Structures are given as structure tokens and as C-alpha cells.
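What the coordinates show
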Amino acid sequence: MTNSINGIPYESPRPAREDDFELLQLGADLKDAKFESPPIGFFKDATLRLAKNKAAVAALVIILVVSAMAVFGPMMTAYAFDQQFVDYQNMPPRIPLLAPLGIADGSRVLENRRADGLSDTEKYPEGCILKVMNRRTVNGVEMVDVKVDYYRYSGCEENFLLGSDYLGRDLWTRLWRGTRVSLFIAVFSVVTNVIIGVIYGSVAGYYGGKLDMVLMRVCEIIQSFPRVVVATLFIMFFGTGIFSIIMSLLISGWIQTARLVRAQFYRFKGREYVLAARTMGVRDRAIIFRHILPNSLGPIITTMMIAVPQAIFTESFLAYIGLGLKAPEPSIGVLLSEGQKVLLNFPYQSLFPGIVISALMISFNLFGNGLRDAMDPTLRGT
Amino acid sequence: MMKYFFQRVLALVITLFIILTVAFLVIRLMPGSIYDSNESLSAEMVKILEDKYHLNDPMIVQYRYFLEDIIVRGDWGTSVAVQPRVPVWEVLGSKIPVTLQLNFISLVIAMPIGIAAGIFAAIYQNTKVDYVISFFVVLFISVPSFIFGSLLQYFLAYKLGWFPIIYNATGVGMAKYLSMVLPITALTFSPVARVTRYLRGELIENLSSEYMLLARTKGLTQLQATVRHSMRNSFVPLANIIIPMFTNILTGSLVVEQIFSVAGVGGLLVASINSSDHTLTIAILIFYSLISLVTILIVDLSYGLIDPRVRIGGGSYD
């Protein structure tokens with residue numbers, strides 16, 4: 001039988017048989033190696049990059065050490081944070097380990113003392129005089145400056161590692177207790193802010209339209225309240241205390257996260273996988289939280305890290321101008337503002353809280369920058 | 001552009017109104033009477049005083065009086081406790097210049113330093129110069145201004161005696177300027193670091209852009225191309241971070257004023273809160289809000305003015 005198309009005849013093809021085909025690579029060995037290591041996901045990738053950033057790792061270590069001290073530090077001494085030793089006010093710091101080096105050995109220089117009184121053991125108990133300096137004669141009386149072991153001088157049996165404050169409270173205990181309070185305020189407010197911001201931003205970004213417009217106008221208005229004004233109003237109404245400080249941090253703190261999450265939703269909500277999920281009848285809530293939100297996890301974590309030092313700063317700033325926590329509860333800001341009052345006489349009382357807050361702020365900023373670089377390398381160095 | 005301008009101004013007025021209302025509510029809903037702390041007044045006197053100031057009227061009536069006084073008559077009341085019987089704007093007016101002066105000078109000083117450091121860091125990107133500058137940027141951004149204030153006060157003023165320990169409000173000439181050096185320096189660190197970080201980022205991005213390549217190809221030297229093209233483009237967005245920085249410095253100045261005993265708005269705010277001088281507190285809060293809102297307004301408007309590419313409303317000049 002002959003077939004023809006347009007009058008041109010052609011031979012009908014014979015049906016294909018199995019032996020027409022030859023499996024070329026049946027016996028060939030595959031050249032590409034099988035992955036021996038487990039696959040690396042987004043977060044593992046970020047962790048690897050972060051681990052290479054020395055500054056960020058060092059910052060993380062400092063954060064962990066300070067946090068650990070905030071938890072265990074107050075337990076290391078026998079004193080409570082509000083325990084007062086009225087006889088031992090403003091004692092200098094004495095750390096036994098460092099004492100042989102001449103740092104923090106509990107000594108203090110007493111100026112303008114009569115030289116002939118130095119042998120008086122009532123006034124200067126035996127062995128308390130370390131060094132006599134600057135001998136001079138004023139109005140016919142020989143005067144000296146004398147460096148004494150202040151603990152022996154005042155007959156103090158206690159040992160205050162970082163000294164004591166104007167009420168004779170142990171500053172080591174107060175410092176770490178204060179760090180704990182400051183960190184608590186910061187972490188609590190930041191976590192709450194992120195939760196509010198994520199929900200608000202998701203709703204605005206996912207539903208869009210008029211709802212989005214209204215929600216964003218609300219954001220704009222709230223954001224333009226200056227933080228000082230908000231804090232002041234809260235403190236006026238509820239009085240000073242941890243509640244007012246946290247509330248003033250919560251009023252506008254969530255907006256940054258909300259904007260960020262909203263932007264991410266606008267980016268992802270039109271993608272095919274979202275359309276597929278919706279076609280399959282996935283509910284809005286699941287699309288928002290299971291399918292779209294995980295995409296913005298990286299930036300959210302970075303924002304959190306940057307927000308922590310801001311919260312610590314706001315707390316200590318409020319405490320500094322006298323709108324902080326109620327006494328006797330310490331926070332880093334309270335300690336700094338108490339230290340500032342006696343800065344010129346007892347600088348060590350400002351020094352240690354100053355070091356802790358600076359270390360925390362620098363570490364959180366460095367770690368936050370490191371995280372951002374690790375999660376989104378395109379933003380590096382900006 | 002005009003339409004946009006009026007929209008923004010309207011938004012500003014609405015926000016101010018909300019702050020005013022919230023402040024009113026907070027003060028009137030607080031438990032206790034303004035006269036509680038004054039024990040020399042008999043109950044009868046308190047009643048008379050409260051009637052005089054309409055404190056026993058319904059809230060909404062009080063609110064009407066409050067708004068009428070402020071908006072129609074421009075009468076913000078008199079200070080009750082801090083400087084009794086002096087109009088609040090007079091009290092505030094004597095303090096604002098000091099605060100603004102400190103803040104403005106520190107911003108003006110910060111800008112050239114920050115710009116120079118930012119340019120150096122960007123041009124010598126990833127060299128030792130850059131690393132040193134970046135180190136100081138992190139340090140200055142992180143450490144709060146009041147820590148710098150305390151350090152400066154202890155070392156430069158107390159130990160070395162180069163500067164007065166506290167601000168000298170009554171001094172004239174050199175004595176006064178010398179006492180302003182430390183508070184201004186303490187306030188300058190953070191803006192310097194912010195300008196540096198921002199400019200470095202912008203400039204690095206511009207230096208590696210294609211128009212730089214074109215500029216080099218057509219025969220400009222690297223210096224010419226950098227100065228004429230990259231830098232110009234980097235300075236455009238700088239205005240938008242410098243203006244809001246003013247609000248930041250103003251906040252930091254609250255504390256620095258306390259350290260150096262500057263008789264500015266910061267101390268006044270704390271004093272007015274602690275002595276329940278509510279009329280004064282409201283005036284100070286409005287002052288802060290106004291400054292912060294105006295800076296936001298300027299930024300919003302300058303986006304369009306400085307850089308036409310981001311003009312809102314599809315580039316039309318309506």
C-alpha cells in the first residue's frame with residue numbers, strides 16, 4: 001500500500017521495534033560525584049558566613065559573657081543588691097586577683113593630712129598606710145598626702161569587688177543586677193515589638209488596598225511622635241518604673257518591623273507559589289505565616305539585633321535624666337546617673353557601668369552588622 | 001508640588017493636635033489634684049482654686065477651654081511651680097536659645113568632619129585607613145553621648161583642667177565659649193559617625209557605578225571623575241539624614257545638659273515633671289514635637305526638591 005501527500009507518494013514507516021534503540025550510557029559510569037555532605041540551607045549558609053566574621057564572633061562572645069554575668073553575677077557575692085552598709089560608704093573597689101598589680105587594691109589617697117598624726121594607730125590602724133607622698137610645710141605644720149588601704153583604714157571586714165556606693169551597697173551585685181534589668185527591658189520590648197510589627201506588617205502587606213493605606217497612615221502618625229514626648233507622657237501618667245519605660249519603647253518601636261515585613265509581602269505575594277497555594281485552597285493565615293513570612297526572617301532578625309542597643313540606650317537615657325526605675329532597683333542607667341553625681345570624687349562608680357553599657361552597645365551593633373552581612377551579602381559594607 | 005506641600009503641612013497639624021489632646025488627657029486623667037502637694041491650702045481654698053481654673057467641670061468642657069486658650073488666644077498658661085506666675089513661653093524662651101545653640105553648633109561641626117572621614121574611608125576602601133575609620137564609626141555610634149560627656153568632664157576638665165567642669169551661663173566672651181566646648185564635643189561624636197558611615201556607603205556605591213567608568217573612558221582622571229561625578233551624587237541623599245539627626249542630637253542633649261549643668265530645655269523638662277508643673281510640661285512637649293515634626297516635613301519635601309528622580313506624583317508639577 002502506498003500513501004501520498006499532495007500526490008507525492010511515500011513509504012509508510014515501519015513501527016519501531018525495541019532493538020532499534022541502543023542504550024548508550026547503560027554501562028557508563030557517572031562522572032559527577034554524589035553530594036556527600038548534607039545540603040546547606042539559608043540559615044546554615046548565613047551561620048558559615050557569620051563564623052568567618054571575626055568581629056561579629058567576638059561581639060557574640062561578649063554578649064554571651066555579659067548575659068551570663070547578668071544571670072549569675074549577683075549570686076557571686078554574699079550581698080543583696082539593696083543591702084546597705086551605712087558605715088562603709090563609697091568604698092573603693094578591691095579585687096583580690098588584681099590587687100598585687102596595684103589595680104583595684106582597695107587603696108585611696110587621702111590628701112592634706114598632718115604628718116605627725118600618721119603614727120596615731122587610733123586614726124590609722126596598723127598596716128593601713130601604704131605610701132606617704134608629697135611632704136610639704138603649710139603654716140609651719142608638716143602636711144602629707146597618704147595612700148592608705150581604705151578597707152583597713154575604715155575597719156571594713158567586707159570585700160566589695162567593685163566598691164560600694166553612697167549608701168554602702170555592693171556595686172558588683174548592683175552592676176549585674178542592673179545589667180539584668182536593662183537587658184530584660186531591651187529584650188522584652190524588642191521581642192514584643194517584632195511580634196506586633198510582624199502581624200501588622202503582614203496584614204497590611206498581604207491584603208493591601210485601602211486597608212494597607214489606612215494602616216500605613218496610622219504608622220506615619222505614630223512614628224512622628226518624638227520618643228522623649230511619649231516617654232514623658234507615660235511617666236507622668238503611670239509614674240516612673242519598668243512599665244512606663246517598656247510602654248514608651250513599645251509605642252513606636254514596632255513600626256520599623258511592620259514596614260519591613262510589609263515590603264517583603266509586597267515582593268512575594270504575587271509569586272507563583274503563593275498563587276498555587278491559594279488555588280489549592282490554603283487559608284490566608286497559612287499563606288501569610290507558612291509561605292510568605294519565612295522569606296523575611298533574615299531582615300527581621302537583623303532589625304531585632306539593631307533594636308536591642310537602641311532600647312538599652314533609651315532606658316539608660318531616661319534613667320540618666322531622672323525618669324528611670326524606682327529605687328532601690330538598679331539598671332545600668334540608674335547606676336550611671338548615681339555615679340555621675342560623684343564622678344569627680346569616685347570615678348570608679350561610673351566607670352564599670354560605663355564599660356558594661358559601651359561593651360553591650362558596641363557588641364550588639366557589631367553583631368547586628370555581621371548578621372546583616374551574613375544574611376544578605378549584597379548589603380555588605382553599607 | 002504645592003498640593004503635596006499642603007498635604008504634609010495638614011498631616012503635621014493633625015499630629016500636633018493628637019499630641020496636644022493626648023497630653024491634655026494624660027494630665028487631666030491623672031489621679032489627685034494639682035494642689036495636693038501644697039499643704040498650706042485649706043480644702044476650701046483648693047475648691048475655690050479648682051473652680052477658678054474649671055478643674056471641676058466635665059472633661060469635655062475643660063477640653064474646650066483648653067483648646068480655646070491655646071488656639072484662639074494663643075495663651076499657653078503660666079508656670080505653676082518652676083517659675084511661678086511666669087508665662088510658660090517666657091520660661092521656655094529663656095532656655096531654648098541655649099539648647100538650640102549647643103545642638104546647632106555640634107551639628108555644624110560634625111558635618112565637615114563626617115564628610116571628610118566618609119570620603120577618605122570610601123576612597124581608601126578596604127585599606128588600613130578605612131579600617132581605622134570604620135572602627136571609630138562603630139565606637140562613636142555605639143557609645144552613648146553621656147558616656148563621652150562623663151569621660152570628657154573627668155579627664156579634660158577635672159584631671160587636666162583645660163576646660164571648666166560645668167557650663168558657664170553667666171560668663172561672657174572666652175569663658176563662656178570655653179565652657180561650651182565639652183558639651184558640644186560630647187554631642188558631636190554620634191553625628192560624625194553617622195555622616196561618615198552613610199557617606200562611605202553612598203560613595204563606594206557610586207565609585208563602582210557605570211557612569212564612573214564612562215567618565216574615565218572619556219578621559220577624566222580618577223580625581224576629576226570622583227569629585228565631579230561620584231561625590232555630587234553621594235551628597236544628594238546626605239541632606240536627608242542630616243536633618244533628622246537634629247532631633248537625635250536634641251534627645252542626646254537632654255542628658256549632656258544634665259552632666260554639664262547647662263540651663264537648657266532638658267533640665268526644664270525634668271524639673272517641670274518632678275514638680276507637676278503641667279502647663280510647662282505641655283509647652284515643652286509641644287516644642288519637642290514641633291521640632292521633630294518640622295524636620296520630618298523638611299525631609300519629605302526635600303526629597304523632591306533635591307533629587308527630582310524621586311519626586312512624588314509621577315514627576316508632574318501639580
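Residues numbered from 1 in each chain as written. Chains lettered and ligands numbered in written order. Predicted model: local features only at pLDDT ≥ 70, side-chain atom pairs only at ≥ 80, totals over all residues.

**As for the overall build of chain A**
Scanning chain A for helices and strands turns up 13 helices and 5 strands. Its C-alpha radius of gyration of 34 Å places chain A more than 25% over the 21 Å reference for a compact globule of 382 residues. Its C-alpha atoms give chain A principal-axis dimensions of roughly 145 × 60 × 35 Å. A total of 382 residues make up chain A; the buried ones form 37% of that total. A sequence separation of at least 24 residues applies to 71% of the contacts in chain A between residues at least 6 apart. (Helix = DSSP H or I, 4+ residues; strand = E, 2+ residues; numbered from the N terminus. Rg over C-alpha atoms; globule rule 2.2 N^0.38 Å. Buried ≥ 20, exposed ≤ 12 C-beta atoms within 10 Å, placed from the backbone. Contact = placed C-beta atoms within 7 Å.)

**Topic: the overall build of chain B**
On a plain count of helices and strands, chain B comes out with 11 helices and 0 strands. Starting at the N terminus and walking to the C terminus, you meet the elements of chain B as α-α-α-α-α-α-α-α-α-α-α. Summarising its shape, the C-alpha atoms of chain B cover approximately 90 × 60 × 35 Å along the three principal directions. Taken over 318 residues, chain B has a buried fraction of 33%. For chain B, the proportion of contacts with a sequence separation of at least 24, taken over those separated by at least 6, is 72%.

**Remarks on the sheet that holds strand S3 (residues 107–114) of chain A**
All names here are of chain A. Strand order in the open sheet made by the 3 strands is S3-S5-S4, with antiparallel pairing throughout. One side of each edge strand has no neighbouring strand; the edge strands of this open sheet are S3 and strand S4 (129–138). Sheet twist, expressed as the average angle between the axes of neighbouring strands with direction ignored, equals 15°. Relative to strand S5 (residues 141–149), S3 runs antiparallel, the two sharing 6 bridges. Considered in S5, the bridge of Arg-113 is made with Val-144. (Pairing = 2+ DSSP bridges. Axes fitted to C-alpha atoms, helices over the stretch in contact; angles between N-to-C directions.)

**Some words on the interface of chain B and chain A**
If you look at the interface, chain B gives 39 residues, while chain A gives 33 residues. Where the side of chain B that touches chain A is concerned, the elements lending two or more residues are helix H1 (2–29), helix H5 (128–142), helix H6 (145–159), helix H7 (174–207), helix H9 (222–259), helix H10 (265–274) and helix H11 (278–306) of chain B. Looking at the side of chain B that touches chain A residue by residue, the classes come out as 27 nonpolar, 12 polar and no charged. (Nonpolar A, V, L, I, M, F, W, Y, C, P; charged D, E, K, R; others polar.)

**Considerations on the domain arrangement of chain B**
What the domain assignment reports for chain B is domain 1 (37–76) and domain 2 (96–308). The distance between the C-alpha centroids of domain 1 of chain B and domain 2 of chain B comes to 42 Å. (Domains from an automatic or database assignment.)

**Considering the pairing of S5(A)**
The pairing of S4(A) with S5(A) spans 7 bridges and is classified as antiparallel. Within the sheet, the bridge partner assigned to A:Lys131 lies in S5(A) and is A:Lys147.

**Description of the packing of helix H4 (residues 171–207) of chain A against helix H11 (residues 297–320) of chain A**
When two helices pack together, their arrangement is captured by the angle between the axes and the distance separating the axes. All names here are of chain A. Axis separation between H4 and H11 bottoms out at 8 Å; the angle between their running directions is 135°. Between H4 and H11, the angle falls in the class oblique. Both H4 and H11 take part in a crossing whose hand is right-handed. Packed against H4, whose contacting residues are Ser-182, Ile-185, Ala-186, Val-187, Ser-189, Val-190, Asn-193, Val-194 and Val-198, the element H11 presents Ile-300, Met-304, Ala-307, Val-308, Ala-311, Ile-312, Glu-315 and Ser-316 at the interface. Of the residues in the contact of H4 with H11, the class split is 12 nonpolar, 4 polar and 1 charged. (Parallel < 35°, antiparallel > 145°, perpendicular 65-115°, else oblique. Left-handed = near helix turned anticlockwise from the far one by under 90°.)

**Some words on the domain arrangement of chain A**
Domains assigned within chain A are domain 1 (60–77 + 165–379) and domain 2 (99–154). Look at where the C-alpha atoms of domain 1 of chain A and domain 2 of chain A centre, and you get two points 49 Å apart.

**Things to note about the confidence of the model for chain B**
Predicted coordinates in areas of low pLDDT are best not read in detail. All names here are of chain B. Looking at chain B, the pLDDT average stands at 81 and 92% of residues meet or exceed 70. Across chain B, the element-wise mean pLDDT spans from 77 in helix H2 (residues 43–52) up to 90 in H5. When the criterion is pLDDT under 50, residues 312–318 qualifies, and its contacts beyond four places in sequence or with other chains add up to 6 contacts. Model confidence for the complex is summarised by a pTM of 0.81, with the ipTM given as 0.80. (pLDDT = per-residue confidence, 0-100.)

**Brief notes about the nonpolar core**
The biggest cluster of nonpolar side chains holds 134 residues, and the ones touching the most others in it are A:Leu175, A:Val229, A:Val308, A:Ala311, A:Ile312, B:Val255 and B:Ile284. Top contributing element to this core by residue count: H4(A), with 14 residues. Dropping the residues within four chain positions of it, A:Val308 is found in contact with A:Ala186, A:Val187, A:Val190 and A:Phe364. (Core = buried A, V, L, I, M, F, W, Y, C linked by C-beta atoms within 7 Å.)

**Structural notes on unusual backbone geometry**
All names here are of chain B. In this model, Asn-126 sits at a positive phi of 60°, which is unusual for a non-glycine residue. Checked against the element boundaries, Asn-126 lands in the loop between helix H4 (88–123) and H5. Residue Asn-126 is classed as exposed on the basis of its C-beta count, with 11 C-beta atoms lying within 10 Å. Phi angles above zero are rare outside glycine, and Ser-261 is one such case at about 50°. Position of Ser-261 relative to the elements: it lies in the loop between H9 and H10.

**Observations regarding the environment of A:Asp284**
Within the fold, A:Asp284 resides in helix H10 (residues 284–292). Judged by the 12 C-beta atoms lying within 10 Å of it, A:Asp284 is exposed.

**What about helix H9 (residues 272–279) of chain A?**
Counting buried residues in H9(A) gives 0 out of 8 residues, a small share hidden from the surface. Positive phi appears at A:Gly281, one or two residues downstream of H9(A), with a value of about 90°.

**Topic: H10(B)**
Residues lying three or four places apart along an α-helix face the same way, a consequence of the helix completing one turn every 3.6 residues. All names here are of chain B. Across the 10 residues of H10, 7 count as buried, placing the element largely inside the fold. Within H10, burial applies to Val-265, Gly-266, Gly-267, Leu-268, Leu-269, Ser-272 and Ile-273. Of the residues flanking the end of H10, it is Ser-276, one or two places downstream, whose phi is positive at about 55°.

**Side note on the packing of H4(B) against H5(B)**
Residue and element names in this part refer to chain B. Two elements in contact, H4 and H5, have axes separated by 8 Å at closest approach and are oriented at 140°. The angle between H4 and H5 places the two elements in the oblique class. The way H4 lies across H5 gives a crossing that is left-handed. In this structure, H4 contributes Ala-117, Phe-120 and Ala-121 to the contact, and H5 contributes Val-129, Asp-130, Ile-133 and Ser-134. Looking at the contact of H4 with H5, its residues break down into 5 nonpolar, 1 polar and 1 charged.

**Things to note about the environment of A:Glu338**
Note on placement: A:Glu338 falls in helix H12 (residues 332–341). The residues contacting A:Glu338, other than those within four sequence positions of it, are A:Asp165 and A:Gln349.

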